[in-house]
Amino acid sequence: MGFKKQVRFLHKWLGLISGLIVFIISITGCIFCFHDEIKDITRKEWRLVEPQNKPFILPSVLQENAKKIAPNNKSSMVSYYGKNRSAIVYTYSDTDNLYLYFNPYTGKYLKTENPETDFFIIVEKIHLYLLLPDYIGKHIIGGATIIFILLLISGIIQWWPKRKTDIKRSFSVKWSAKWRRVNYDWHNTSGFYISIIAVVIAITGLTFTYEWVGDGIYKTFNFGGDKETETKAPIIDTTKFKTNTLFAVDHAFISTQKLQPKAEMIFVTFPQQKSDLINTGAYPHTLRYDHQNNYYFHPGDGKLIQRDPYHKKSLGLQVVEMNYGIHTGQILNLPGKIIAFIVSLIAAALPVTGFVIWYGRRKKSKK
């Protein structure tokens, strides 16, 4: 058995094993690409607000308002998404999680969302876990993603033209041929054209499944180092201080605004235990989760304890924090999302066209 025959054999059986999972991952990725844009159109009544020339209302006020709406839930975080967007109080209880939308200028209640019934969050859970328990589903998704990377590599090895005269034919689809030949050409050429971007999307996707992938990216760009050490939150003794959590949270929010006056998006966490610090994050762009600046504050008096601004983070950590934006194409705004959508759509078609090729050859060999 020659090398290319071995590769073809491997490509065929890996494709048959993982094809359905790769199709589901890719299709759900397509749907999720534009979830923010679609929600802004279909849910604008509570996602968008009229910008006003005054400061945002304090987190403590929003938390008190959230208590009135969901008295059995505890608040974990408040996020301010921009001047023309509502603020969200994230709450939880033993039975459910609820997202409460408020006008950030007036504190007016707008809407409650339950993530368990939200269409796009369900799509995201299919994409990540196939709606299975996460400790099972993530390994199925992760295994299929690794196989998909191997399929792209083995596919290019098979596709690679033997002679110079075959180069032009290998890069195009013969549309005038019979449909089986068109399908064959499309499978080969489309797989080649998306291969680099598809591998990047696949590797960045693996970071959500396997922590060692993120650690590997961190160490690659830093030539070593320990991500856990760099991202470790400070530990302090809070038992000696009187706690005024709501005051501290408000102070942390105001301090973050002063530290990052150009930030469009800010979140602030509520301590869930006496020893928890208040963590804030500031982002330069709305609904983009890269280039983040993080700060830690004392839960008793809101005193700033540690600064982790973006420009002082290591290159490896900066790249890791860009992971979500790279995976979804969000890092390049709308053009990046369009590219991610097209690549994901073509990736979803590859198992289908590959199955057609296999089934056609199997049928032909039987004859």
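Report on the accompanying structure. (Residues numbered from 1 in each chain as written. Predicted model: local features only at pLDDT ≥ 70, side-chain atom pairs only at ≥ 80, totals over all residues. Heavy atoms only, no water.)

Okay, the state of the cysteines next. One pass over the full model with this rule turns up zero disulfides. The cysteine Cys30 is free of any disulfide, with Cys33 supplying the nearest cysteine sulfur at 6.2 Å. On the basis of relative accessibility, which here comes to 6%, the residue Cys30 falls in the buried class. Residue Cys33 is classed as buried on the basis of its relative accessible area of 7%. (Disulfide = S-S within 2.5 Å. Buried < 20%, exposed > 50% of the residue type's maximum accessible area, 1.4 Å probe, protein only.)

What follows deals with the side chain of Arg47. Residue placement: Arg47 occurs in helix H3 (residues 44-47). If we ignore the near neighbours within four places in the chain, the residues touching Arg47 are Asp36, Lys39, Asp40, Asn84, Arg85, Ser86, Tyr101 and Leu287. (Helix = DSSP H or I, 4+ residues; strand = E, 2+ residues; numbered from the N terminus. Contact = heavy atoms within 4.5 Å.)

Okay, the sheet that holds strand E2 (residues 87-92) next. On the basis of which strands lie adjacent, the open sheet formed by eight strands has the order E4-E3-E2-E1-E5-E6-E7-E8 and antiparallel pairing. For this open sheet the edge positions go to strand E4 (109-113) and strand E8 (304-308), each flanked by a neighbour on one side alone. Ignoring strand direction, the axes of neighbouring strands in this sheet form an average angle of 20°. (Pairing = 2+ DSSP bridges. Axes fitted to C-alpha atoms, helices over the stretch in contact; angles between N-to-C directions.)

Counting residues in each nonpolar core, the largest one holds 26 residues, and the members touching the most others are Leu62, Val78, Tyr80, Val89, Leu100, Phe102 and Ile278. In terms of residues, this core owes the most to one element, helix H11 (residues 245-259), which gives four residues. In this view, Phe102 contacts Leu62, Asn65, Ala66, Ile69, Ser86, Ala87, Val89, Gly107, Lys108, Tyr109 and Leu110; residues no more than four positions away in its chain are not counted. Residues Val22, Phe34, Ala202 and Ile346 belong to the second largest nonpolar core, which totals 20 residues. (Core = buried A, V, L, I, M, F, W, Y, C linked by side-chain atoms within 4.5 Å.)

Taking 1.5 Å of rise per residue, the 15 residues of H11 would be expected to cover 21 Å, and the 21 Å separating its terminal C-alpha atoms lies within 8% of that figure. Among all positions in H11, only Ala248, Val249, Asp250, Ala252, Phe253, Ser255 and Thr256 are buried. (Expected span 1.5 Å × (residues − 1).)

On the surface, a cluster of positive charge is made up of Lys5, Arg8, Lys12, Lys162 and Arg361. Of all the elements, helix H1 (residues 3-33) adds the most residues to the positive patch, at three residues. For Arg361, a relative accessible area of 46% corresponds to the partly exposed category. (Patch = residues over 30% accessible without salt bridge, like charges linked within 9 Å, V, L, I, M, F, W, Y side chains within 5 Å. Areas by Shrake-Rupley, 256 points an atom, 1.4 Å probe, with all protein chains shown as cover. Salt bridge = Lys/Arg side-chain N within 4 Å of Asp/Glu carboxyl O. Lys, Arg positive; Asp, Glu negative; His and termini not counted. Charge placed at Lys NZ, Arg CZ, Asp CG, Glu CD.)

Relative to the elements of secondary structure, Thr353 occurs in helix H14 (residues 333-366). Looking at Thr353, the relative accessible area reads 8%, which means it is buried. Among the polar contacts made by the side chain of Thr353, one reaches the main-chain carbonyl oxygen of Leu350 at a distance of 3.1 Å. Leave out the neighbours within four places in its chain, and Thr353 touches Asn183, Trp186 and His187. (Polar contact = N/O pair within 3.5 Å; in protein donor to acceptor, adjacent residues only side chain to side chain.)

Okay, the pairing of strand E1 (residues 74-80) next. Pairing of E1 with E2, which is carried by six bridges, proceeds in the antiparallel orientation. When the bridges of E2 are listed, Val78 appears paired with Val89. Here E1 folds back onto E2 in antiparallel fashion, the turn holding six residues, of which Gly82 has a positive phi close to 140°. Pairing of E1 with strand E5 (residues 265-269), which is carried by four bridges, proceeds in the antiparallel orientation. Paired with Ser79 across the two strands is Phe267, which belongs to E5.

Before going further, it helps to examine the pattern of salt bridges. Under the counting rule described, the total for this entry stands at 11 salt bridges. Connected through shared salt-bridge partners, Asp36, Asp40, Arg47 and Arg85 make up one network.

Here the focus is the packing of aromatic side chains. According to the stated counting rule, one finds 21 aromatic pairs in the structure shown. Pairing Phe119 with Phe120 gives two aromatic rings, centres 5.1 Å apart and planes at 80°, and the pair type is edge-to-face. Using a relative accessible area of 6% as the deciding quantity, one classes Phe120 as buried. Geometrically, the ring pair formed by Trp159 and Trp160 is edge-to-face, given 5.7 Å between the ring centres and 80° between the ring planes. Among the residues examined, Trp160 registers a relative accessible area of 52% and is labelled exposed. Three or more aromatic residues joined by ring pairs form one cluster here, namely Trp159, Trp160, Phe171, Phe192 and Tyr193. (Phe/Tyr/Trp six-rings, centres within 6.5 Å; stacked < 30°, edge-to-face > 60°.)

Orientation of H1 relative to helix H6 (residues 134-159), taken along the N-to-C sense of each, is 140°, at an axis distance of 8 Å. In terms of orientation, H1 lies oblique with respect to H6. The hand of the H1/H6 crossing is left-handed. On H6, the residues touching Phe3, Lys4, Val7, Arg8, His11, Leu14, Gly15, Ser18, Ile21, Val22 and Ile25 of H1 are Ile140, Ile141, Ala144, Thr145, Ile147, Phe148, Leu150, Leu151, Ser154, Gly155, Ile157 and Gln158. (Parallel < 35°, antiparallel > 145°, perpendicular 65-115°, else oblique. Left-handed = near helix turned anticlockwise from the far one by under 90°.)

Attention shifts here to the pairing of E2. The buried count for E2 comes to five of six residues, which makes it a mostly enclosed element. Pairing analysis gives six bridges linking E2 to strand E3 (residues 97-102), with the strands arranged antiparallel. When the bridges of E3 are listed, Tyr90 appears paired with Tyr99. Counting the residues in the hairpin turn of E2 and E3 gives four residues.

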